Amino acid sequence: QDVGVIGFPFSKGQPQPGVRSGPAAIRNAGLIEKIHNLERDVKDYGDLDFEYIADDPPYGLIKNPRNVGAANKKISAAVSNVINDNRLCISLGGDHAMSIGTLHGHATARPDMCVLWIDAHVDINTPLTSMTGNIHGTPVSFVVHELKDYVPVLPGFEWMNTCIHAKDIAFIGVRDIDPGERYIMEKFGLVCYSIHDIDHLGLVEVLKRAMDNVNPNRDRPIHISFDIDALDPLLAQSTGTPVYGGLTFREGMYIVEEVGSTGMVTGIDMVEVNPELGTKFEQNVTVNTAVDVLTAALGKRRHG
Ligand SMILES: CN[C@](CCCC[B-](O)(O)O)(CCN1CCCCC1)C(=O)O
Ligand SMILES: [Mn+2]
Ligand SMILES: [Mn+2]
Ligand SMILES: [Mn+2]
């Protein structure tokens, strides 16, 4: 399947501006060329630009609702466009709030798509449970049908509708959940494999169970939302919310190799790379790892 790459230099879902430079850093590390080298037809759709809305007071604790809502409306249309071009859409971030738009856009183009959320976090705070007001900790609550009654319509989000069922998403790599999120996960029976589960069951079994939950017949388009902070901070240092004890490079690669090899992946987010955090060395390791994860998802194999 052909590939489309689109950049979302977006940072309004959290307080650190450097995440806006993620797309440029990932491109500079040679992503497009490396995809070419896989004999995949790849089209670069460039970066989306986001008009800044100055008058954007908080909604409760939630910061920048109008900016985040307007950006995600554009992101959704852009992602739908790439997928309707029959290209696997690679969305480069930018913070994880952008996945409100990437999931909405993917589901608009592929209504039966399912989601693997690879992250240290479950990002399912509602605007009322978030303790930080950073929308990058809430994107899942905006898209899940069963949470509709728990998520107020924020200014800037009037365009939005929920687009997946709780059973259509599985989380892998989780190790930092807020109390409100834990309540929601248990109340709605969301499928979540923590780092502890990986240590207990093994990654092969965890990945099998996650796929059995969201894609039992392996016949549904798959959206991989990869938050670079799923990986251990020793590897992915340049990110806004690092949490110790994350996925190794090998575990991260195994996940995307396995899921990619189904040939069912039609959307991938690579988010939360902040090239302005950490040392130059740490920035390079983080960005190069992001590129390696993406090329592995597209078929680059370590066994040649
Ligand atoms: C776990 N929830 C956090 C982090 C969200 C990370 C977003 B991601 O996209 O990078 O995954 C953290 C909330 N805690 C901050 C420290 C004090 C306790 C609450 C939040 O801000 O909601
Ligand atoms: Mn995270
Ligand atoms: Mn449905
Ligand atoms: Mn995240």
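Asks: So what about the overall build of the protein? Which residues, and what values?
Replies: From N to C terminus, the protein includes 10 helices and 8 strands. For the protein, the C-alpha radius of gyration of 17 Å lies close to 19 Å, the compact-globule estimate for 304 residues. With respect to the three principal axes, the spread of C-alpha positions in the protein is 50 × 40 × 40 Å. Considering only contacts within the protein whose residues lie at least 6 apart along the sequence, 74% involve residues at least 24 apart.

Asks: Give me the lowdown on the pattern of salt bridges, citing residues and values where you can.
Replies: If you walk through the whole model with that rule in mind, you get 13 salt bridges. Here Glu205 ties to Arg209 by a salt bridge, and the two come within 2.6 Å at their closest N and O atoms. Of this pair, Glu205 and Arg209 both sit in helix α8 (residues 203-214), 4 residues apart, which is roughly one turn of the helix. When its relative accessible area of 29% is taken as the criterion, Glu205 is described as partly exposed. Residues Asp212 and Lys208 are paired through a salt bridge, measuring 2.6 Å at the closest nitrogen-oxygen approach.

Asks: Go over the packing of aromatic side chains, please, and point to the residues and values.
Replies: Scanning all chains against the criterion turns up 4 aromatic pairs. Between Trp117 and Phe171, the aromatic rings sit 6.5 Å apart at their centres with planes inclined by 55°, giving tilted as the arrangement. Of the two residues, Trp117 sits in strand β4 (residues 114-118) while Phe171 sits in strand β5 (residues 169-174), which places them 54 residues apart along the sequence. The exposure classification of Trp117 matches that of Phe171, with both residues buried.

Asks: Could you give an account of the environment of Ser80, naming the residues involved and the relevant values?
Replies: Position of Ser80 among the secondary structure elements: in helix α3 (residues 65-84). What makes Ser80 buried here is its relative accessible area of 10%. Taking C-alpha positions, Ser80 is 27 Å from Gly252, a pair spaced 172 residues apart along the chain. When near neighbours in sequence (up to four residues on either side) are disregarded, Ser80 contacts Gly105, Thr108 and Ala109.

Asks: Help me get a handle on the coordination of the manganese ion (ligand 2), residues and values and all.
Replies: The coordination sphere of the manganese ion (ligand 2) contains the protein donors Asp119 (OD), His121 (ND1), Asp227 (OD), Asp229 (OD) and Asp229 (OD), at a distance range of 2.2 to 2.5 Å. Around the manganese ion (ligand 2), the 6 donor atoms sit at angles spanning 57 to 170°, and that spread fits a shape best called irregular. Look at where the donors of the manganese ion (ligand 2) fall in the sequence and you get D-x1-H-x105-D-x1-D. Here the manganese ion (ligand 4) and the manganese ion (ligand 2) are spaced 3.3 Å from one another, each receiving a donor from Asp119. Of this pair, His121 sits in the loop between β4 and α5 (139-143) while Asp229 sits in the loop between β7 (222-227) and α9 (249-260), and the two are 108 residues apart along the sequence. Here His121 matches Asp229 in class, with each residue buried.

Asks: Account for the confidence of the model for the protein, naming residues and giving values.
Replies: Counting all residues, the mean pLDDT for the protein is 98, and 100% of those residues have values of 70 or more. At the level of chain-chain contacts, confidence expressed as ipTM amounts to 0.96, with global pTM at 0.98.

Asks: Which residues make up the pairing of β4, and what values go with them?
Replies: Of all 5 residues making up β4, 5 are buried, and the element is well covered by its neighbours. Taken together, the 5 bridges between β4 and β7 define a ladder with parallel strand orientation. Across the sheet, the residue bridging to Cys114 is Ile222, located in β7. Note: β4 against β5, 4 bridges, orientation parallel. In the strand pairing of β5, Leu116 is matched with Ala170.

Asks: Residue-level account of the coordination of the manganese ion (ligand 4), with values.
Replies: Within the protein, the manganese ion (ligand 4) binds to His96 (ND1), Asp119 (OD), Asp123 (OD) and Asp227 (OD); these donor distances fall in the range 2.1 to 2.2 Å. Taken together, the 6 donor atoms coordinating the manganese ion (ligand 4) and their angles of 60 to 173° define a geometry best described as irregular. Spacing between the donor residues of the manganese ion (ligand 4) along their common chain follows H-x22-D-x3-D-x103-D.

Basis of the calculations
Residues numbered from 1 in each chain as written. Chains lettered and ligands numbered in written order. Predicted model: local features only at pLDDT ≥ 70, side-chain atom pairs only at ≥ 80, totals over all residues. Heavy atoms only, no water. Helix = DSSP H or I, 4+ residues; strand = E, 2+ residues; numbered from the N terminus. Rg over C-alpha atoms; globule rule 2.2 N^0.38 Å. Contact = heavy atoms within 4.5 Å. Salt bridge = Lys/Arg side-chain N within 4 Å of Asp/Glu carboxyl O. Buried < 20%, exposed > 50% of the residue type's maximum accessible area, 1.4 Å probe, protein only. Phe/Tyr/Trp six-rings, centres within 6.5 Å; stacked < 30°, edge-to-face > 60°. Donors = N, O, S within 2.8 Å, 3.2 Å for Na, K, Ca; no water. Tetrahedral: all angles 85-135°; square planar, octahedral: opposite > 155°, others 65-115°. pLDDT = per-residue confidence, 0-100. Pairing = 2+ DSSP bridges.

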